[in-house]
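# Summary of the model geometry
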Amino acid sequence: MSVLAVADHRRGDLRDVSYELVTAGRELAEALGEELHVAVVSGDVESFAKDLSLDGVDTVHTVDHGEEFNHDVYVQAVEALDSALEPTVVLMPNSVNGLDYAPAVASSLGLPLVSDAVALEWDDGLTATREMYASKVETTVEVDADRVAVTVRGGEWEPTEDTGSPAVEAFDLTVDESRVRSRVTGFEEVAGGDVDISDADVLVSVGRGIEEEENLELVEELADALGATLSASRPIVDNGWLPKNRQVGQSGKVVTPDVYLAVGISGAVQHVAGMKGSDTIIAINTDPNAPIFDIADYGIVGDLFDVVPALTEQFR
Amino acid sequence: MKVLVTVKEVAEAADDFEIDGLDIAPEYLEYDLNEWDEYAVEAAVQLGEDGHADEVVSVTIGPERTEETIRMALAKGVDRAIRVWDDDIGGAGLLDVETKAELLEAVVAEEDPDLVLTGVQANDDGFGATGVTLAERIGFEWAAVVNDLELEDAVAKVHRELEGGVEEHTEVDLPAVLTIQTGINEPRYASLRGIRQAQSKEIAHQTLADLGLDASTVESPIGMTAMYEPETESDATIFEGDAEETAVKLASVLREKGVGAE
């Protein structure tokens, strides 16, 4: 019995969530009185194992097979580790790659799955906290099962940085190649181009609240008046109103300007992940409960169609 | 080939709302087609127009009310629809991804599609796991978070949208389940002609019994025990007043920070 956490890496680097998974895993392992095992699959596993030799980890299992993430390999690796360790909880990241293998692992092992957990507790069974309705509410979810699979949201647990001295064990996996029916053929940087929003000192960022493409002009005029660079949240880029290199957030750029002015952006977790490091955050939004106000330093609760032109006027 | 696209009607909460028990009170909820599914439907319809798909069928799990939403998918070019529901399903929480996947699995067994498209996640519960769980259950290959799709012989060439502006290029053997990310295409508006035609398209209602399942299918080890509004941690300075007044106050803060100086 143990807690098993599966690390996340891409193109040679462990991703931040791996260190957060160790924290979440250690907390659960302590509550359960069990060991914490960490697995790392594919890539330079020996080097990853060193990085994962962290406080509270009892054993790191390395699965040396291939370079990059392949969900067919991950599923087989976690299945095999599960049958060797019979962990009480299998912890996986709620990253894009986590979304690509965790549900298959859970289904294949017959474990109930709780995804995108933001807090976890073990008391006679797993209780997870999850958000719903686009982060407007939190829910408590209880799982009535002896063993469970969980994916955890990035940025919710403090990363474990203190080193430890776990055992490192090479896990011998025989991959059934007939079950590998997908192939990664390459990677592409899609946010390039003439503008690098991560270089800007002042960003005026526009979101869904702008409603129509022709209204973008209002925000462009403000950015011009302020000498700021224009950026956007995901829906604006999805609609094709601005190019991908203007997108702030998890799947776009991470920005840390001196001033970030969010116009009509509600502040979904994926967006906040890309801008929470800004020095000063200012939000203009009609919804006083919008999560953007939770991280803002200054705010105006009001209609951007009134406030933005008035603000532009102040700098003319 | 036949394409099956899963769709879900989701509820969106108003800015101000109240919670009643384990859900937002119904008067604060508005129903619409899940945003991700709009893109999945468009991708499926385009496969029909490109000559890849002979038939595009959509499936939903939902009460009779959802037929209005499903009709919109039909108006955009989906050929016919299946709606799975009965009282036992209505009485279950349906938080358990495995339950939903088991219902969809039964539909897949009847329809025998070559490709299944789903949205990456639903805007209400946000589990983001139904598509990949379904793939595992039905023995299809899969790819999650797809934002570009091309079919070539028996392979789907896809881009997966990773974090940080990076896309992964992946080849996926068919038959497959692909979970579709927003932005992959531009979902069309239904034409008046499409809306008229949709009135005569079939929405077949299937119960657990029709699918060869029983009430045990919807028994789940996962249950919600509380819903609440998160405590706001905001310590933002909120400027009060009309647009003009708040703009003046904000402008002075911005100038202090050196913004807008020539």
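Rules and cut-offs
Residues numbered from 1 in each chain as written. Chains lettered and ligands numbered in written order. Predicted model: local features only at pLDDT ≥ 70, side-chain atom pairs only at ≥ 80, totals over all residues. Heavy atoms only, no water. UniProt positions renumbered as here; feature names shortened; annotations may be inferred. Pairing = 2+ DSSP bridges. Helix = DSSP H or I, 4+ residues; strand = E, 2+ residues; numbered from the N terminus. Contact = heavy atoms within 4.5 Å. Axes fitted to C-alpha atoms, helices over the stretch in contact; angles between N-to-C directions. Domains from an automatic or database assignment. Parallel < 35°, antiparallel > 145°, perpendicular 65-115°, else oblique. Left-handed = near helix turned anticlockwise from the far one by under 90°. Nonpolar A, V, L, I, M, F, W, Y, C, P; charged D, E, K, R; others polar. Buried area = accessible area lost by both parts, 1.4 Å probe. Salt bridge = Lys/Arg side-chain N within 4 Å of Asp/Glu carboxyl O.

The name given to chain B in an unreviewed UniProt entry is Electron transfer flavoprotein subunit beta/FixA family protein, with the source organism recorded as Salinigranum rubrum. Quoted verbatim from the Sequence similarities (unreviewed entry) field of the UniProt record, the comment on chain B reads "Belongs to the ETF beta-subunit/FixA family."

Per an unreviewed UniProt entry, chain A goes by Electron transfer flavoprotein subunit alpha/FixB family protein and derives from Salinigranum rubrum. UniProt's Sequence similarities (unreviewed entry) comment on chain A is quoted here verbatim: "Belongs to the ETF alpha-subunit/FixB family."

### Details of the sheet that holds strand β17 (residues 280-285) of chain A
Across the sheet, which stays open at both edges, the 6 strands sit in the order β15(A)-β14(A)-β16(A)-β17(A)-β18(A)-β15(B) with parallel pairing between neighbours. Of all strands in the sheet, those bounded by a partner on one side alone are β15 (229-232) of chain A together with β15 (237-238) of chain B. In this structure, strand β16 (residues 259-263) of chain A lies alongside β17(A), joined through 5 bridges in parallel fashion. Bridge pairing in β17(A) places Y260(A) opposite I281(A). Contacting β16, β17 and β18 (298-301) of chain A, helix α9 (residues 304-314) of chain A crosses the sheet at an angle of about 140° to β16(A). Packing of helix α7 (residues 243-256) of chain B onto the sheet brings it into contact with β16, β17 and β18 of chain A, and relative to β18(A) it is tilted by some 165°.

### Things to note about the sheet that holds strand β6 (residues 89-93) of chain A
All names here are of chain A. The 7 strands are arranged β7-β11-β6-β1-β4-β5-β12 in an open sheet whose pairing can be described as parallel. The strands lining the two open edges of the sheet, one partner per strand, are β7 (113-117) and β12 (167-170). If you compare each strand with its neighbour and ignore which way they point, the axes differ by 20° on average. Pairing of strand β1 (residues 2-6) with β6 involves 3 bridges; the strand directions are parallel.

### Things to note about the domain arrangement of chain A
Domain annotation for chain A reports domain 1 (2-179) and domain 2 (202-315). Computed from C-alpha atoms alone, the centre-to-centre distance between domain 1 of chain A and domain 2 of chain A is 34 Å.

### What about the packing of helix α5 (residues 216-226) of chain A against α9(A)?
Residue and element names in this part refer to chain A. Running from N to C, α5 and α9 point in directions that differ by 30°, and their axes come no closer than 9 Å. By the angle class used here, α5 and α9 are roughly parallel. Judged by the sense of rotation from one axis to the other, the crossing of α5 with α9 is left-handed. For the pair formed by α5 and α9, the contact residues are L218, V219, E221, L222 and A225 on the first element and F305, V308, P309, L311 and T312 on the second. Looking at side-chain class alone, the contact of α5 with α9 contains 8 nonpolar, 1 polar and 1 charged residues.

### Brief notes about the interface of chain B and chain A
Taken together, the contacts link 82 residues of chain B with 82 residues of chain A. For the chain B and chain A pair, buried surface summed over both sides reaches about 7,200 Å², with 54% attributable to carbon and sulfur atoms. Scanning the region where chain B abuts chain A turns up 9 salt bridges. Here E163(B) makes a salt bridge to R10(A), at a shortest N to O gap of 2.9 Å. When grouped by side-chain class, the residues that make up the side of chain B that touches chain A number 39 nonpolar, 20 polar and 23 charged. Judged from the 7 bridges that link them, strand β13 (residues 182-189) of chain A and strand β11 (residues 166-173) of chain B form a sheet pairing that is antiparallel. Across the sheet, the residue bridging to R183(A) is E171(B), located in β11(B).

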